[in-house]
Amino acid sequence: MNKKHTVIIAEDQTLFREMIISIIKEMQEFVVIAGLNNGEEVIDFIKKKEVLPYMCLLDIQISETDVMECAAWLKSEYPEMKVVLLTDIKTDSFMEKALSIGVDGYVLKESSLDQFKQLLRLIDDGQFIAPKFFVNHFSERLIGLQKLEKEGSIHTIRKRFQHQKDLHDRELRLIQCINRGWSNRMIAEELSISEGTVKNYISEMYKKLNISNRTELKQLLAKVTS
């Protein structure tokens with residue numbers, strides 16, 4: 001018989017914790033070695049017992065701060081451990097925090113028993129599991145970032161100002177940097193020149209465009225885009 005993967009569960013509601021343990025007992029792949037109340041107990045258990053569970057299921061409803069700190073610690077100390085969040089939370093900030101920590105799964109409590117088992121098996125196979133709204137959210141964010149990157153490319157900047165024949169590549173690069181929100185210092189570091197030189201180049205570029213500041217440049221870019 002194949003060795004079962006060890007699992008720790010952090011859930012402060014006894015009934016729900018026992019339900020999860022009961023469900024996992026029905027699965028041949030896993031065995032629960034501890035049912036605990038919170039993230040702090042998970043960390044203490046691992047340190048004191050000197051055990052390294054294969055998977056940790058953390059109920060985020062206990063305390064978002066407690067569980068997220070626990071998840072971050074687990075992924076930092078034991079990157080190979082499967083860390084799975086059980087939650088009903090669907091906020092953007094929470095999703096981004098979970099993704100930045102590098103959790104292996106984001107399982108909604110509204111999942112059916114069969115779905116729950118299947119999700120654990122997929123995570124065991126190395127897949128990142130998240131609900132559809134989670135995937136849709138980051139797909140939209142990625143599309144938005146790709147659009148911004150495309151609009152801010154030097155090729156696009158050059159195309160937008162193709163009627164401005166006296167603009168040099170250096171000035172188009174300055175427009176690109178300013179459009180990205182970079183400070184003069186950041187531009188100077190990027191171009192390996194002094195801040196004073198950057199200011200002079202920007203002043204020359206402003207004169208050619210008949211504007212006087214970054215706000216007017218942004219407005220000009222908006223007009224060129226529309």
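Residues numbered from 1 in each chain as written. Predicted model: local features only at pLDDT ≥ 70, side-chain atom pairs only at ≥ 80, totals over all residues. Heavy atoms only, no water.

In this fold, Lys-117 is placed in helix H5 (residues 113-124). Lys-117 sits in the buried class, given a relative accessible area of 16%. Beyond its immediate chain neighbours, meaning those up to four positions away, Lys-117 contacts Ile-23, Glu-26 and Met-27. (Helix = DSSP H or I, 4+ residues; strand = E, 2+ residues; numbered from the N terminus. Buried < 20%, exposed > 50% of the residue type's maximum accessible area, 1.4 Å probe, protein only. Contact = heavy atoms within 4.5 Å.)

Turning our attention to the UniProt feature "modified residue: 4-aspartylphosphate" (unreviewed entry) in the chain. UniProt's entry tags Asp-59 with the feature "modified residue: 4-aspartylphosphate" (unreviewed entry), counted in the numbering of this structure. As for its placement among the helices and strands, Asp-59 is situated in strand S3 (residues 55-59). (UniProt positions renumbered as here; feature names shortened; annotations may be inferred.)

Below, the discussion takes up the pattern of salt bridges. Applying the stated criterion across every chain, the model contains 9 salt bridges. Of the charged contacts in the structure, one is a salt bridge between Arg-121 and Glu-29, with a shortest N-O distance of 2.5 Å. Here the residue Arg-121 occupies a position in helix H5, and Glu-29 occupies one in the loop between helix H1 (14-25) and strand S2 (30-36), the gap between them amounting to 92 residues. A residue is classified by how much of its surface remains accessible, and Arg-121, at 30% relative accessible area, is partly exposed. Across the pair Arg-185 and Glu-195 runs a salt bridge whose closest N-O atoms are separated by 3.4 Å. Taken together, the residues Arg-185 in helix H9 (residues 184-191) and Glu-195 in helix H10 (residues 195-209) connect sequence positions 10 residues apart. Take Arg-185: its relative accessible area is 54%, and that puts it in the exposed class. (Salt bridge = Lys/Arg side-chain N within 4 Å of Asp/Glu carboxyl O.)

To continue, consider the layout of surface pockets. Of the voids in this model, the largest pocket is the one considered here, and its volume is about 170 Å³. Those elements that place two or more of their residues in the lining of the largest pocket are H1, strand S5 (105-108) and H5. Sort the elements by how many residues they give to the lining of the largest pocket and H1 lands first, with 4 residues. Residues that form the lining of the largest pocket fall into these classes: 9 nonpolar, 2 polar and 1 charged. (1 Å grid on protein atoms, 1.4 Å probe; cavity = no way out; pocket = protein on both sides within 12 Å on 5 of 7 lines; lining within 4 Å. Points joined across faces, edges and corners; volume = space filled by probe spheres on them. Nonpolar A, V, L, I, M, F, W, Y, C, P; charged D, E, K, R; others polar.)

Residues Gly-105 and Val-107 point to one face of S5 and Tyr-106 and Leu-108 to the other, with burial holding for every one of them. Pairing between strand S4 (residues 82-87) and S5: 4 bridges, direction parallel. By the bridge assignment, Val-84 is partnered in S5 with Gly-105. (Pairing = 2+ DSSP bridges.)

Core analysis: the biggest nonpolar cluster contains 28 residues, and Ile-8, Val-42, Leu-58, Leu-74 and Leu-85 have the highest contact counts within it. Those elements that provide at least two residues to this core are strand S1 (5-10), S2, helix H2 (39-49), S3, helix H3 (64-77), S4, helix H4 (92-101) and S5. Considering each element in turn, this core owes the most residues, 6 residues, to H3. Once you skip the residues sitting within four places of it in the chain, Val-42 turns out to touch Ile-8, Ala-10, Leu-36, Cys-56, Leu-58, Cys-70 and Leu-74. Grouped together as the second largest cluster of nonpolar side chains are 19 residues, Leu-167, Leu-172, Ala-188 and Tyr-206 included. (Core = buried A, V, L, I, M, F, W, Y, C linked by side-chain atoms within 4.5 Å.)

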